[in-house]
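Each chain, written out:
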Amino acid sequence: MSTDTTAQPDLLRLATAGSVDDGKSTLVGRLLYDTKSVLADQIDAVTRASVDRGLATPDLSLLVDGLRAEREQGITIDVAYRYFATPSRTFVLADTPGHVQYTRNTVSGASTAQLVVLLVDARNGVVAQTRRHAAVLALLGVPRLILAVNKIDLVDDAATVYRDIAAEFSELTASLGWDPSAVQSIPVSALHGDNVAVRSENTPYYSGPTLIEHLESVPVDAEPDTVGLRFPVQYVIRPRTPEHPDYRGYAGQVAVGTARVGDPVVALPSGVRSTIERIDTADGPLDAAQPGRSVTIVLADDIDVSRGDVISSVGDAPTPVREFAATVCWLAERPLRAGARVLVKHGTQTVQAIVDTVESRFDEQALVVAPAPEELGLNDIGLVHLRTAGELPVDDYRASRRSGSFLLIDPASGNTLSAGLVGDALEAVRTVAGQPA
């Protein structure tokens, strides 16, 4: 048998966020350009398009705004994943939109990020959308932030402007529960490349790392999971062939923890116990499988396990529930009110549910929690109480980002209505703000 080599300590997952026109696409284009992650013909095409627009220098945002509507409007609409590398680290970057109506896409792109680069325009400073994005990132549990004060070349007295913006942002992130050591502020000019890959002589007031230097050196934190194995079953494999007459395997992706041959496990929600006998893959059997690895688990006992069930470690297995509190970011135009019927998609399981109550709404501008709102509107964040038709083995989001998250889906259209976090993610904000829990 071989062991799983999925874990990549030199891989950093990051995302961009910020208000519209803060220069996210230009910054991402600059990162790709400075790390030589684009082909020569792409650079030539961007140069020709820039000349046609009457620009003296290449518009690097054209490297990443791939949709026609994005190019025509000069904005980012969809989440796009970019890949680049330096000699010391590989990066997967989720380039997210800045418009308020696309906050739902920012939630999607940042949900798995280990670090987010949050941009502000030095001419505007911290604006409402900056505060909204910072609040969303805090509730999603993003471990680290970079504040990129962009277009620093366009302001007078840049040193004072940068320090004031950095101080305001530090106060904001502290209010949202971040440790100061997890937040780094950098003055940059994405257009000219100042402090992106090369330290700029135009910012003598700044002595910290360039953006790429910080991305290369920041510790890659492990997922903040405090629970053991969580393996949602995607498919039951029963070939019933002459070669494999009795084979029964459970295919899926390891969401949390490590699956190891010989470990005791429990199938949820039934609660029946067994032991991992084999871990099969297309490349042969494994001794162990890490998070993110797609495998087929064979148990020592012939027990009833089906799609949607979760194979869990025994000692910390969650208790399946039909009711739970959850923090949701509402992503639909139609507001959410108590009594709404929805589908809850958790892992590979989808069950019917009712929103019993809307407990509170988070005001991300004032950093306060308002109790008992009548509804949650588009992009609102609030605490709700859900009642499901079937049992779900959920973890608290603070214990595991993967097994503590879910989606709310419109049962009629199949559209995603909300991203949800199991538990009261607003509790940290209440505590910092001095509000009663």
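Reading the values: the criteria
Residues numbered from 1 in each chain as written. Predicted model: local features only at pLDDT ≥ 70, side-chain atom pairs only at ≥ 80, totals over all residues. Heavy atoms only, no water. Helix = DSSP H or I, 4+ residues; strand = E, 2+ residues; numbered from the N terminus. Buried < 20%, exposed > 50% of the residue type's maximum accessible area, 1.4 Å probe, protein only. Contact = heavy atoms within 4.5 Å. Phe/Tyr/Trp six-rings, centres within 6.5 Å; stacked < 30°, edge-to-face > 60°. Polar contact = N/O pair within 3.5 Å; in protein donor to acceptor, adjacent residues only side chain to side chain. Salt bridge = Lys/Arg side-chain N within 4 Å of Asp/Glu carboxyl O. Pairing = 2+ DSSP bridges. Core = buried A, V, L, I, M, F, W, Y, C linked by side-chain atoms within 4.5 Å. Axes fitted to C-alpha atoms, helices over the stretch in contact; angles between N-to-C directions. Expected span 1.5 Å × (residues − 1). Arc of directions from axis to C-beta.

Our next topic: the overall build of the chain. When its secondary structure is counted, the chain shows 8 helices and 21 strands. Counting the 437 residues in the chain, one finds 53% classified as buried. In the chain, of all internal contacts separated by at least 6 residues, the share reaching a separation of at least 24 is 70%.

Moving on to the packing of aromatic side chains. Inspection of the entire model under this criterion finds 4 aromatic pairs. Look at Tyr162 and Tyr205: their rings are 5.9 Å apart centre to centre, the planes differ by 40°, and that puts the pair in the tilted class. Residue Tyr162 is found in helix 6 (residues 158–175), and its partner Tyr205 is found in the loop between strand 6 (183–187) and helix 7 (211–217); the two are separated by 43 residues along the sequence. Neither Tyr162 nor Tyr205 differs from the other in exposure class; each is buried.

What follows concerns the side chain of Arg132. Residue placement: Arg132 occurs in helix 5 (residues 128–140). Among the residues examined, Arg132 registers a relative accessible area of 16% and is labelled buried. In terms of polar contacts, Arg132 uses its side chain to reach the side chain of Gln129, at 2.5 Å.

A word on the environment of Val127. Along the chain, Val127 falls in the loop between strand 4 (115–121) and helix 5. The class of Val127 is partly exposed, set by a relative accessible area of 25%. With 108 residues separating them along the chain, Val127 and Ser19 place their C-alpha atoms 7.7 Å apart.

Turning next to the pattern of salt bridges. Considering all chains together, one arrives at 14 salt bridges under this definition. Put simply, Arg278 and Asp280 hold a salt bridge, and the shortest N to O gap is 2.8 Å. A salt bridge links Glu375 to Arg337, with the nearest nitrogen and oxygen atoms 2.6 Å apart. Of this pair, Glu375 sits in the loop between strand 18 (368–371) and strand 19 (381–392) while Arg337 sits in the loop between strand 15 (321–330) and strand 16 (341–346); the two residues are 38 residues apart in sequence, bridging distant segments of the chain. Residue class for Glu375 comes out partly exposed when judged on its relative accessible area of 29%. Classification of Arg337 by relative accessible area gives partly exposed; the value is 45%. Look at the salt bridges and you will find they share partners, linking Asp121, Arg123 and Lys151 into a network.

This paragraph deals with the environment of Val368. Tracing the backbone shows Val368 in strand 18. In this structure, the C-alpha to C-alpha distance between Val368 and Leu426, residues 58 residues apart in sequence, is 9.4 Å.

Every other side chain in a regular strand lies on the same face of the sheet, so the side chains alternate between the two faces. The element strand 21 (residues 416–422) is extensively covered by neighbouring structure, given that 6 of its 7 residues are classed as buried. Pairing between strand 15 and strand 21: 5 bridges, direction antiparallel. For Thr327, the partnering residue across the bridge sits in strand 21 and is Leu421. The antiparallel pairing of strand 20 (residues 405–409) with strand 21 creates a hairpin that spans 6 residues between the two strands, and Gly414 there sits at a positive phi of about 85°.

Turning to the nonpolar core, a few remarks are in order. Ranked by size, the top nonpolar core spans 78 residues in total, and within it Val116, Val117, Leu211 and Phe362 carry the most contacts. Examining the composition of this core, we find that 8 residues originate from one element, helix 6, more than from any other. The residues touching Leu211, leaving out its near neighbours within four places in the chain, are Leu27, Leu31, Val117, Ile146, Ile186, Asn195 and Val196.

Now for the sheet that holds strand 1 (residues 11–18). Spatially, the 6 strands line up as an open sheet ordered 2-3-1-4-5-6, and their pairing is mixed. At either margin of the open sheet sits one strand with a lone partner, and together these are strand 2 (80–86) and strand 6. Here the average twist between neighbouring strands, direction ignored, is 25°. As defined by bridge partners, strand 1 adjoins strand 3 (residues 89–95) across 5 bridges and the pair is classed as parallel. Residue Arg13 lies in a different strand from strand 3, and its bridge partner there is Val92. The strands touched by helix 5 within the sheet are strand 1, strand 4 and strand 5 (144–150), with strand 4 carrying the most contacts at an inclination of about 170°.

Mapped onto the secondary structure, Asp309 falls in the loop between strand 13 (294–299) and strand 14 (310–313). In this structure, Asp309 is in contact with Phe231, Pro232, Val233, Leu268, Pro269, Asp304 and Thr348, ignoring residues within four places of it in sequence.

For the rest of this paragraph, the subject is helix 5. Helix length check: helix 5, at 13 residues, gives a terminal C-alpha distance of 18 Å against a target of 18 Å (1.5 Å per residue), a fit within 8%. Within helix 5, 11 of the 13 residues are buried, leaving the element largely enclosed by the surrounding structure. Gln129, Thr130, Arg131, Arg132, His133, Ala134, Ala135, Val136, Leu137, Leu139 and Leu140 are the residues of helix 5 that are buried. Among the residues trailing helix 5, Gly141 stands out with phi positive, at a value near 75°.

In this model helix 2 (residues 40–52) runs 18 Å from its N-terminal to its C-terminal C-alpha over 13 residues, within 8% of the 18 Å that 1.5 Å per residue would give. Looking only at helix 2, the buried set comprises Ile43, Val46 and Ser50. Angular distribution of buried residues about the axis of helix 2 spans 65°; they occupy a single face of the element. Exposed and oriented more than 90 degrees from the buried face of helix 2 are Ala40, Asp41, Arg48, Val51 and Asp52. For helix 2, the elements touching its buried residues are helix 1 (24–34). At the exit of helix 2 stands Gly54, carrying a positive phi of roughly 80°.

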